[in-house]
Amino acid sequence: MGHGSAAGLWHSCCLIPVEGRIVDAAREELRIVIVGSGFSGLCLGIQLKQAGIHSFEIFEKAESLGGTWRDNTYPGAACDVPAISYCFSFEQKPDWSRKWAPHDEILAYMEHCARKYDLVPHIRFGTELSRARFDQASGVWQLRTVAGEASTAHVLISAVGQLNRPRLPEIPGLDSFGGECFHSARWNHDYDLAEKRVGVVGNAASAIQIIPQIAPDVKQLTIFQRSANWMVPKDDRPYSATELRRLGRHPWLTRLYRWWIWSQYERLYPVFRQNRFLAGRMAQASLADMRDKVADPKLQEELVPDYPIGGKRILFSDDYYPALNRENVEVVTNEIERITETAVETADGRRIPVDALILATGFESTSFLAPMDIEGLDGSNLRSQWDDSAQAYLGISVTGYPNFFMTYGPNTNLGHNSIIFMIECQSNYIVQCIRRLADSGLEYLDLRPEVQAAYNAKLDVELDRMVWNHTGKSWYKNDAGKITNNWSGSTIRYWWQTRHPDFACYRAVARKPKPISAGSPA
């Protein structure tokens, strides 16, 4: 792998075929803009530097890095896969305090990575991209920020992820509520919940972490459950001093432990392919755990999901079910009809007074790049194209949008393993595309439309066989019921398909020669 100079320039020349021609192309610096400084943005920045590419900036709308882990500071926030697999493979962290890492340790790890790999000078904090338009004449992206600043980029990469825009529920009267109200991803730490009557709208991934933390302090906690979730125990615990010492002294042991965790979770994949035997065993174990921890037989019945296991996100918790046994905690399964200034009214006529509402209602996960406006060739607009259904090739490239790449794009979410694995695959793929642009003197790479069409046609057939397709509304689907978020295969298969780009899938356009000014040597 070649390395650039301190200025980020590549020197040497090469002869390559482009669109039927032979091009003598001097390697030159490409200006690269990455949007977002979460795990994806950091991974891309690190891999670019390791490839000898330093001519990149990371646009970060906030004043600090971290993405989802900067925004979600609610009590009990933690990762939903074991900590050893929730860090980069090239930057292992052997000293997590627990098997499942808490929020503060994850954010500290991300800040450590940014410092160690000298990414901070590349990050432009307080810079939110509003609009990007590809100018075919110059072969560059014309960028404009929310503040009105204009700039350009040869390569534009979205690393904004799928879980960054809070989704607010459409409940009549919500705006009229006179108490404290906030989304779980915008936690108000200045508001004291102690001895308050608190309503939590939602009971999925964020809610099950929040509820056990606040239940001991509040006067009354009412959980408004739309549907029950499949949940399995974490078996979380602190690491012992002996375990941490061994992992710290023996990096090979940390790697082996990481791969063991990956293999255990990869074994869950057949559940999503509707393997009846494995799904049945997992469902039985989940229900047995719930009935063992929840005392009230009536509540037990209300906690039985009405869809196949894996149809929605499988949740992991050790303390949610025990929290439901508290005298000050109630689960309400009747639909919310309206919210008044002081209470929540349900469809069965109940009026439940509350002082505060916590909206644990998830994110606008199918919007992907919103609110950015991305314009490609011939005036194409990605937001308009994705109105009905977001689609891409490998979740990375979109036809008609040259030199534009994504991480954690459409159909790359996982139901069974760590998203860090997918992010590393995508970053590796994108960096190889950028090297091809630089090394081969290309103006741009544009995905061929027939490639995207064939890929998504096959993907749709595969998704039809997955359990998500036979479940009601979930954050994996758009409003039309199409699965736009999840990957249909194993992580091994995704790694295999992204390990090296097939450049035959792209239309390669050579860089236009720069005009020679008068007096310049011929």
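A few points on the structure. (Residues numbered from 1 in each chain as written. Predicted model: local features only at pLDDT ≥ 70, side-chain atom pairs only at ≥ 80, totals over all residues. Heavy atoms only, no water.)

Some words on the packing of aromatic side chains
Link 1 in the chain: Overall, the coordinates contain 24 aromatic pairs when judged by the stated rule.
Link 2 in the chain: Taking the centre distance of 5.9 Å and the plane angle of 75 degrees together, the rings of Trp69 and Tyr86 count as edge-to-face. With Trp69 in helix α2 (residues 68-71) and Tyr86 in the loop between α2 and α3 (103-116), this pair connects stretches of sequence that are 17 residues apart. With respect to class, Trp69 is no different from Tyr86; both count as buried.
Link 3 in the chain: A cation sits over an aromatic face here: Lys93 above Trp96, 5.0 Å from the ring centre. (Phe/Tyr/Trp six-rings, centres within 6.5 Å; stacked < 30°, edge-to-face > 60°. Helix = DSSP H or I, 4+ residues; strand = E, 2+ residues; numbered from the N terminus. Buried < 20%, exposed > 50% of the residue type's maximum accessible area, 1.4 Å probe, protein only. Lys NZ or Arg CZ within 6 Å of the ring centre and 35° of its normal.)

Some details on the side chain of Glu375
Link 1 in the chain: Structurally, Glu375 can be placed in strand β20 (residues 373-375).
Link 2 in the chain: Residue class for Glu375 comes out buried when judged on its relative accessible area of 16%.
Link 3 in the chain: A polar contact is formed between the side chain of Glu375 and the side chain of Arg131, at a distance of 3.1 Å.
Link 4 in the chain: Leave out the neighbours within four places in its chain, and Glu375 touches Arg131, Ala132, Arg133, Phe134, Trp141, Ser380, Asn381 and Tyr401. (Polar contact = N/O pair within 3.5 Å; in protein donor to acceptor, adjacent residues only side chain to side chain. Contact = heavy atoms within 4.5 Å.)

Considerations on the nonpolar core
Link 1 in the chain: By size, the foremost hydrophobic cluster in this structure holds 126 residues, and its most contacted members are Phe39 and Ile214.
Link 2 in the chain: For Ile214, the residues in contact, after removing those within four places along its chain, are Pro75, Trp187, Leu193, Val198, Val200, Leu221 and Ile358.
Link 3 in the chain: Listed in part, the 24 residues of the second largest apolar core include Trp141, Leu382, Ala392 and Val398. (Core = buried A, V, L, I, M, F, W, Y, C linked by side-chain atoms within 4.5 Å.)

Concerning the packing of helix α5 (residues 241-249) against helix α6 (residues 251-266)
Link 1 in the chain: In contact at an axis separation of 5 Å, α5 and α6 are set at 105 degrees when each is read in the N-to-C sense. One way to sum up the angle between α5 and α6 is to call them roughly perpendicular. Contacts from Arg246, Leu247 and Arg249 in α5 reach Pro251, Leu253, Thr254 and Tyr257 in α6.
Link 2 in the chain: When grouped by side-chain class, the residues that make up the contact of α5 with α6 number four nonpolar, one polar and two charged. (Axes fitted to C-alpha atoms, helices over the stretch in contact; angles between N-to-C directions. Parallel < 35°, antiparallel > 145°, perpendicular 65-115°, else oblique. Nonpolar A, V, L, I, M, F, W, Y, C, P; charged D, E, K, R; others polar.)

A word on the pairing of strand β4 (residues 56-60)
Link 1 in the chain: In terms of burial, β4 is largely enclosed, as four of its five residues are buried.
Link 2 in the chain: Relative to β4, strand β3 (residues 32-35) runs parallel, the two sharing four bridges. Looking at β4, one finds that Ile34 is bridged to Ile58.
Link 3 in the chain: For the handedness criterion, the β-α-β arrangement of β3, helix α1 (residues 39-50) and β4 is classed as right-handed.
Link 4 in the chain: As paired strands, β4 and strand β5 (residues 123-125) are joined by three bridges and run parallel to one another. (Pairing = 2+ DSSP bridges. Right-handed = clockwise from strand over helix to strand, strands pointing away.)

A few points about unusual backbone geometry
Link 1 in the chain: Backbone geometry places Asp118, a non-glycine residue, at a positive phi of 55 degrees.
Link 2 in the chain: Inspection of the secondary structure puts Asp118 in the loop between α3 and β5.
Link 3 in the chain: Classification of Asp118 by relative accessible area gives partly exposed; the value is 44%.
Link 4 in the chain: Backbone geometry at Glu195 places phi at a positive 60 degrees, although glycine is not the residue there.
Link 5 in the chain: In this fold, Glu195 is placed in the loop between β10 (180-183) and β11 (197-201).
Link 6 in the chain: Its relative accessible area of 57% is what places Glu195 among the exposed residues.

Remarks on the packing of α1 against α3
Link 1 in the chain: Two elements in contact, α1 and α3, have axes whose closest approach is 10 Å; the angle formed by their N-to-C orientations is 25 degrees. When the axes of α1 and α3 are compared, the pair comes out roughly parallel. At the point where α1 passes α3, the crossing takes the left-handed sense. Residues Phe39, Leu42 and Ile46 of α1 lie in contact with α3, whose contacting residues are Ile106, Tyr109, Met110, Cys113 and Ala114.
Link 2 in the chain: Residues belonging to the contact of α1 with α3 are distributed by class as follows: eight nonpolar, no polar and no charged. (Left-handed = near helix turned anticlockwise from the far one by under 90°.)

Section: the sheet that holds strand β6 (residues 129-135)
Link 1 in the chain: What the four strands build is an open sheet, ordered β8-β7-β6-β20; its pairing is mixed. Looking at the sheet topology across the chains shown, the edges are occupied by β8 (150-153) and β20. Each adjacent strand pair in this sheet contributes to an overall mean axis angle of 20 degrees, direction not counted.
Link 2 in the chain: Where β6 and β20 come together, three bridges link them in parallel fashion. Bridging from a neighbouring strand, Arg131 pairs with Asp373 of β20.

Re a nonpolar patch on the surface
Link 1 in the chain: A cluster of nonpolar side chains, namely Ile492, Trp495 and Trp496, defines an oily patch on the protein surface of about 340 Å² accessible area.
Link 2 in the chain: By the secondary structure assignment, Trp495 is in helix α14 (residues 491-498). (Patch = residues over 30% accessible without salt bridge, like charges linked within 9 Å, V, L, I, M, F, W, Y side chains within 5 Å. Areas by Shrake-Rupley, 256 points an atom, 1.4 Å probe, with all protein chains shown as cover. Salt bridge = Lys/Arg side-chain N within 4 Å of Asp/Glu carboxyl O.)

Details of the environment of Thr342
Link 1 in the chain: You can see Thr342 is positioned in the loop between β16 (336-339) and β17 (343-346).
Link 2 in the chain: According to the relative accessible area criterion, Thr342 is partly exposed, its value standing at 40%.
Link 3 in the chain: Sequence-wise, Thr342 and Leu48 are 294 residues apart; in three dimensions their C-alpha atoms are separated by 53 Å.
Link 4 in the chain: Sequence-distant contacts of Thr342, defined by excluding residues within four places in its chain, comprise Phe177, Arg351, Ile352, Pro353 and Val354.

Details of the side chain of His122
Link 1 in the chain: On the secondary structure map, His122 appears in the loop between α3 and β5.
Link 2 in the chain: A relative accessible area of 12% means that His122 is categorised as buried.
Link 3 in the chain: In this structure His122 touches Lys49, His54, Phe56, Glu57 and Ile58, once residues within four positions along its chain are discounted.

Examining α3
Link 1 in the chain: Taking 1.5 Å as the rise per residue, α3 with 14 residues should run 20 Å; its terminal C-alpha atoms sit 20 Å apart, in good agreement.
Link 2 in the chain: Looking at α3, one finds that the buried residues are His103, Glu105, Ile106, Leu107, Tyr109, Met110, Cys113 and Ala114.
Link 3 in the chain: Close packing links the buried residues of α3 with α1 and α2.
Link 4 in the chain: Asp118, located one to two residues past α3, shows a positive phi value of around 55 degrees. (Expected span 1.5 Å × (residues − 1).)

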